[in-house]
Structures are given as structure tokens and as C-alpha cells.
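Each chain, letter by letter, is given below.
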Amino acid sequence: MSIKILIVDDEVLLQTLMQQRFRHKIRTGEYEFRFALSGRQALDSIRENTDIDVVLLDINMPDISGLALLAQLPDLLPLSQVVMVSAYGDLNNIRLAMNRGAFDFVMKPINFQDLETTIDKTARYVSQLRESVHTKAVAELKARFFDNITHEFRTPLSLILAPVDALLQNTQHDNRTRHSLLTIRQNGRQLLHLINQLLDLTKLEAGSLPIIELRGDVILFVTQVVDSFRVIAEQKELALFFSTDTAGHEVLFDGDKWEKILKNLLSNALKFTSPGGWVSVTCQLQPDRVVLTISDSGIGIPAEHLPHIFDRFYQVVTSLTRSYEGSGIGLALANELTRQLGGTVSVESTPAVGTTFIVALPVRPLPETATLENPQLVSADTEPWLFTRESAEDDDADAAKPLILLVEDNSELLAFIAESLTGLYRVLTATNGRDALDIAQRELPDVVVTDVMMPELDGYQLTRHLKNNPTTDHICVVLLTARSAPASRREGLAEGADDYLTKPFDLDELRLRLRNLISRQHKLRAFFERQMGSLLLEEKADETPPVTAREAFLTKLNKIIEANLDDSNFRAETMADEVCMSIRTLTRKLTMLTGISPGRLVRTYRLRRAIDLLRQGHPIAETAYMVGFENPSYFTRAFKEIYQKTPSEYLAVNEHLS
Ligand code: ADP
């Protein structure tokens, strides 16, 4: 490949000189020269030939100086380099040129030997530069393609798994059909797992796998992950030992990533240990970290492979390992996730004796407890790791999204539905009805989407509990079920379910139904907000929409406030006590129903009643006391805040109207 050199110099003779001096290289095609006698000519030449590798640029030229032209070149020839040609004693200009990005310089009168070395060196650099730019572009393209294709695989796979799960719920299949379905499910899940791991790696690389720290009992968490391997250990006839500090210690940690790390290490330990062997996990809680030690009595890893096992797609391939399935992604992912969390992972291994991985993962102490008055912090005391976000950047935007509780005992399907809803909603998940009920009572989601067939408490029972409890009776319930018979649909609706979807269902349909339910809730909330000035429900007569549970609840609250109208010590907290709810629950429920907090409801009610009393002729100061304001001037201010008029202005206008 020839080196294309543009010489920009107003010295006409230089052209002949160069052609003479480098005639061999020109003839063999190594060098290809173009000449420009001025800055302007150089610009024309560059516009015509963008493939120039090296520009030899004179500093002193009549129209555009070499320095001015140099400043324009990065835009015009981003992948070329410039060598300045300068007279002796022009050190200042050379310094300037180098600062503006010139690659090198030569002095006039030109030493052609030196020039040749400089041109070759510059051309080499240009070619490396182009290569690395090209490699980077290809890598980016690959990553994007990879990311897209992985996503493309994941959705149909999940949609294969969902109906297979639904089919497997039918107990009437003969053994062969059942076996085939189980094979489809097992392999489908394996593929999905692999794809999820790949996707995690790409996300990690792109920096788009944020750390989401949640509040939870870290020891309990690790215990549960280890316990989830007990069945596999038993099937493989392996002893699984676990020793840990006692549970009961709540901290902030990214459970999702911890789970991935621990599961990868544990499944390797089980995979590479033969029946009759053992796997042990110890978990030590230190003030700022948890140290997990995962040991096995398995085949071990030869010393020469140890430095590479955290590399992507690396597998120790020996006659021993060949029989194990795998892809070489697990450890790379575990290692990169650990690094992202600020932890460390190390390994020791002796072939035929066993392997020990030691992972140290940082944990953070809980922040000061959130104040009860702030409804946006309602999820701050959720217990399990799955649910709350502590460090998401978009917390505010997130808090405004409706809260959905998904209940589904198939954790894969659960993850899939949850994932498909997360952009639009905040999603909580539970795998059985009992947990779901706890979470619903604590978090008061906008909608509960629940499977019907579940262990512990089925979907119908869950609906009944939710709809018969004054704390949760306003929450919309959508039932998901494989049973499409009208009788079972009626059964669900009889329990008070708001909507019904038959599995396998279309995700778009679920999204649509959720959108409708939530927009209905929003409309109601807006309606109540508009009614804020007249929250005395009995006065609303005909315009009241058919929302019995809500109305009953608001009427109840109004009655309580009415009974305490003149008690200036009566607060939202007292009202919460009277309806047997915590202030936090009452705040959440009332905000969802009406868009206002309990404190505001009390105040609005008092001021609404003040109007009645003023109209009945009670003097302003007396009215203030009658509606629980100790200080009449504070009453006047509060009144004006809501009605934009002082009580006397209000009365004057009213008298004028009547
Ligand atoms: P995979 O298990 O899918 O092959 P990993 O990245 O999890 O991929 O592991 C990479 C390789 O490291 C494995 O293929 C295996 O050769 C080796 N390895 C990992 N963990 C162990 C272990 N506990 N005992 C023996 N070899 C292991």
C-alpha cells in the first residue's frame, strides 16, 4: 500500500526536488505525492482526495499560514497526521504547531534522509491509528448487534416458556407428553439463563447495569440462595454444608447481583464435584462487607488455568471437564459483577482435591429512617431485596409511576412479566399469595396482578382478603389464570377482582388492561381532588361516581373529623388510630384515593365546615374555634389559602350574591 503524501509549500522548486529524490519510491508505488502551492490549493486538494496519510506543511505561506491550515485539518482529515516544515530559528512556531496537534517537524533546508524516516514513522502511526479506530467501530457494532440479538432471543423464549408452564399445570397429560414438556421447559430455561447472563455482561460493559441497593437481611438472603440449591445437591448426592452468622441484620445491598454471583459459584461447585463429595458455604458478616467462602471437594482446576478462569468463555477443557455442560460465562459475570460492586473474588484450587472461591462483597448501613409524612418514601421500609430502590438515579420519576404487585409462583414468568412492565411501572413481586398479602398491606400498590393457582393462598383467596380489608379494599386486582371456564371467571369476579386475563396471555393485553385500570383510578383521584373543597360526601348527591368502597372510606374519615371538629389537638395520627391503620398506610391509601394527605384532608374538612358555620352567622373568631383553630388569624390565613379570600371577603361576596 502506498503512502499518500500531500506537500503544501509555496516553494515551486520543492516539487521537482521531491520527485527527483524519491523517484524510486514513486516508481515502486511506495510513495504517492500531491502538491499544493498555497493553503487554498491545499484545501481544494484535500476536498478531492480524502485518503491522504501524511501532510507536509510549510509554516510560512502567503494566503493561509501553515498554522491556520493546521487548525482546520483535524476536521478535514481526522485520520491523517501533519509534519511541519519550518525554517531554522522558528522554534516558537514549531512549538505552537506541536501544541495544535502536529505529529512531528522537519527543518529547512530539508535533509531527505531524515524526511524519509519521518514520513515512514508518521505513516506507520497513521495506519495504527486507523486500525484501532476500525477495531473500535467493529467492536461497537458487534456489541450493539449482540445486544439486539440477545433481546430478540429472550422474548420469544419467554413466550415459549410461558405456555409450556401453562400446559404443565394440566395434570391430565400422559407421561410421554409430560416428559416432553419438561424437556422443553428445562432446555428453554437453560437457554434463557444463558441469554440473561450474556445480556448482563453486555450491559455491564456498556455501564448500563446500575447498582440497585435494597434493604434486606443479608444473612437471611444468603441462606435462602444456598437453600435453593439443596434439592440439586440431594439429586447429585452431594453434601451441602452451610455455616453463617446469625440472621437479623438489615443492610443495603444489591441482592440481584449478589444472587447472580453466589448462584454462579455455587452451581459450579456442585457441577464440578462428583457424587459422594461435598460443597460448603460460609458466610461471615463484617462491619462493611460480607465474606462468602464457597469450597468443594471436586475435580479442581490445574494451576496453569487458574489465571484465566475469570476470562469470558474460558473453560478448562480436559478429559475430565469435557463431560460438563457450560459456556464459560458464569465466572466472568460473577467476577465483573463483584468488581462493579466494589468487592473482590479470589480462588485457590488443587486438582483432584477441590476448589475454594472467596468473595467479599461490600454492604452499606441503613440510612436514617424516612419520615412518615413523605409518601414518596413509602417503600423505604420494604423488607425483601427484590423490591426497593435506594440508589436509582431516577428515583423521583420512579416514585410517580404506579405501583404494581405481581404475584406468580413461576419465578421465570414472574421475572419476565416484571421486566416487561418495569419501564412503565414500579413493580413489586411475590411468589405466593401469603407474601403477596403482606406486601399489599404494607405497600398498598395501585394494582395487584395475581395468578390464581398458587401455594399457600390462591388468587381467589388473596382477592377476598384484599377486598374485605378496609386498608386494601381500594386496590385493583387482576387475576391471571389458565382456567378459562366462565365459572372460574365468575368465581374471581365474585371475590371482587376488577379484571381477568386468561393464560397464556398477551403482554400487550396485560399492559392495556393495566393502563385502563390505572387511568380509571387517576380519573377518580382527579375527581376527588376537584371535590376537595366539598369533601362532605353526603352533599355530593348525583355526581358521585359508583365507588362504594372509596366513598364509604371517605365518609368514615369525614365522620371522625366531624366528631372531633372543635378539638385543635385532633391530628391525622389520631384519625389513623381510629381507622386502625398506621399513619403511613392511611397516608398512602388516602393519597391514592384522593391525591391528598390525611393532614390536608383534616384541614380541608375543617375549612369546608367553617363556610357552613359562617353562613349560619357565627362570627369569624368563634367559627375558627368551632372548627379547631386556636388562633383566628391563623384560621384566616389558612382559609385564604384554600378559597383565595379571607372569611370576611368570602362572606361579603356571598351576601352580595344572595
Ligand atoms: P462454565 O461453568 O459455564 O463452563 P464458568 O465461567 O462458570 O463457565 O467457569 C469457567 C471454567 O472454570 C469452567 O468451565 C471450569 O473449567 C472451571 N471451574 C469453575 N468453577 C470450578 C470449580 N468449582 N471446580 C472446578 N472447575 C471449575
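Residues numbered from 1 in each chain as written. Predicted model: local features only at pLDDT ≥ 70, side-chain atom pairs only at ≥ 80, totals over all residues. Heavy atoms only, no water.

- The chain has the name histidine kinase in an unreviewed UniProt entry, where Spirosoma fluviale is given as its organism.
- Under the heading Catalytic activity (unreviewed entry), UniProt records this for the chain: "ATP + protein L-histidine = ADP + protein N-phospho-L-histidine." (UniProt positions renumbered as here; feature names shortened; annotations may be inferred.)

What to know about the site of the ligand
So, point 1. In the vicinity of the ligand lie 19 residues, with Asn268, Lys271, Gln315, Ser327 and Leu331 positioned nearest.
So, point 2. Asn268 is positioned such that a nitrogen or oxygen atom in its side chain is 2.7 Å from an oxygen atom of the ligand.
So, point 3. Measuring from an oxygen atom of the ligand, one finds a backbone N or O atom of Gly330 at 3.4 Å.
So, point 4. Within the complex, 97% of the 520 Å² of free accessible area of the ligand lies under protein.
So, point 5. Tallied by class, the residues present in the shell around the ligand amount to nine nonpolar, eight polar and two charged. (Near = heavy atom within 4 Å. Polar contact = N/O pair within 3.5 Å; in protein donor to acceptor, adjacent residues only side chain to side chain. Areas by Shrake-Rupley, 256 points an atom, 1.4 Å probe, with all protein chains shown as cover. Nonpolar A, V, L, I, M, F, W, Y, C, P; charged D, E, K, R; others polar.)

Observations concerning the pattern of salt bridges
So, point 1. This structure, assessed with the given rule, holds 29 salt bridges.
So, point 2. Note that Asp44 and Arg47 form a salt bridge whose closest N and O atoms lie 3.6 Å from each other. Remark: Arg47 and Asp44 occur in helix H3 (residues 39-48); sequence separation between them is three residues, near one turn of the helix.
So, point 3. What makes Asp44 partly exposed here is its relative accessible area of 43%.
So, point 4. The exposure class assigned to Arg47 is exposed, which follows from its relative accessible area of 57%.
So, point 5. When the shortest N-O distance is used, the salt bridge between Arg289 and Asp288 registers 3.8 Å.
So, point 6. Among the charged side chains, a salt-bridge network with shared partners connects Lys4, Glu32, Arg34 and Asp51. (Salt bridge = Lys/Arg side-chain N within 4 Å of Asp/Glu carboxyl O. Helix = DSSP H or I, 4+ residues; strand = E, 2+ residues; numbered from the N terminus. Buried < 20%, exposed > 50% of the residue type's maximum accessible area, 1.4 Å probe, protein only.)

Observations regarding the sheet that holds strand S7 (residues 239-244)
Strand pairing in a sheet is mediated by backbone hydrogen bonds. Such pairs are either parallel or antiparallel.
So, point 1. With respect to topology, five strands assemble into an open sheet ordered S7-S9-S10-S12-S11, the strand pairing being mixed. Lying at the two open borders of the sheet, with one neighbouring strand each, are S7 and strand S11 (344-350). The mean angle between the axes of side-by-side strands here comes to 10°, regardless of whether they run parallel or antiparallel.
So, point 2. Each of S11 and strand S12 (354-362) is contacted by helix H11 (residues 330-341), which is oriented at about 30° to S12, the strand it contacts most. (Pairing = 2+ DSSP bridges. Axes fitted to C-alpha atoms, helices over the stretch in contact; angles between N-to-C directions. Contact = heavy atoms within 4.5 Å.)

Regarding the side chain of Thr118
So, point 1. Within the secondary structure, Thr118 sits in helix H6 (residues 112-168).
So, point 2. Residues in contact with Thr118, not counting those within four places in the same chain, are Val83, Asp104 and Val106.

Topic: the packing of H3 against helix H4 (residues 66-76)
So, point 1. Packing of H3 against H4 brings their axes to within 12 Å, and their N-to-C directions diverge by 5°. Considering their axes alone, H3 and H4 lie roughly parallel with respect to each other. When H3 is examined against H4, the residues Gly39, Ala42, Leu43 and Ile46 are found in contact with a partner set consisting of Leu69, Gln72, Leu73 and Leu76.
So, point 2. Classifying every residue of the contact of H3 with H4 by side-chain character gives six nonpolar, two polar and no charged. (Parallel < 35°, antiparallel > 145°, perpendicular 65-115°, else oblique.)

A word on the packing of aromatic side chains
So, point 1. Summed over all chains, the structure comprises 13 aromatic pairs.
So, point 2. An aromatic cluster of at least three residues, connected via ring pairs, comprises Phe22, Tyr31, Phe33, Phe35 and Phe112.
So, point 3. The ring of Phe553 has Lys589 lying over it, and the distance from NZ or CZ to the ring centre is 4.7 Å. (Phe/Tyr/Trp six-rings, centres within 6.5 Å; stacked < 30°, edge-to-face > 60°. Lys NZ or Arg CZ within 6 Å of the ring centre and 35° of its normal.)

A word on helix H15 (residues 459-467)
So, point 1. Regarding H15, the residues found buried are Gly459, Tyr460, Leu462, Thr463, Leu466 and Lys467. Along the axis of H15, the buried residues cluster in a sector spanning 160°; they form a single face.
So, point 2. Near the N-terminus of H15, the side chain that reaches the backbone nitrogen of Tyr460, with its oxygen 3.0 Å away, is that of Asp458. (Arc of directions from axis to C-beta.)

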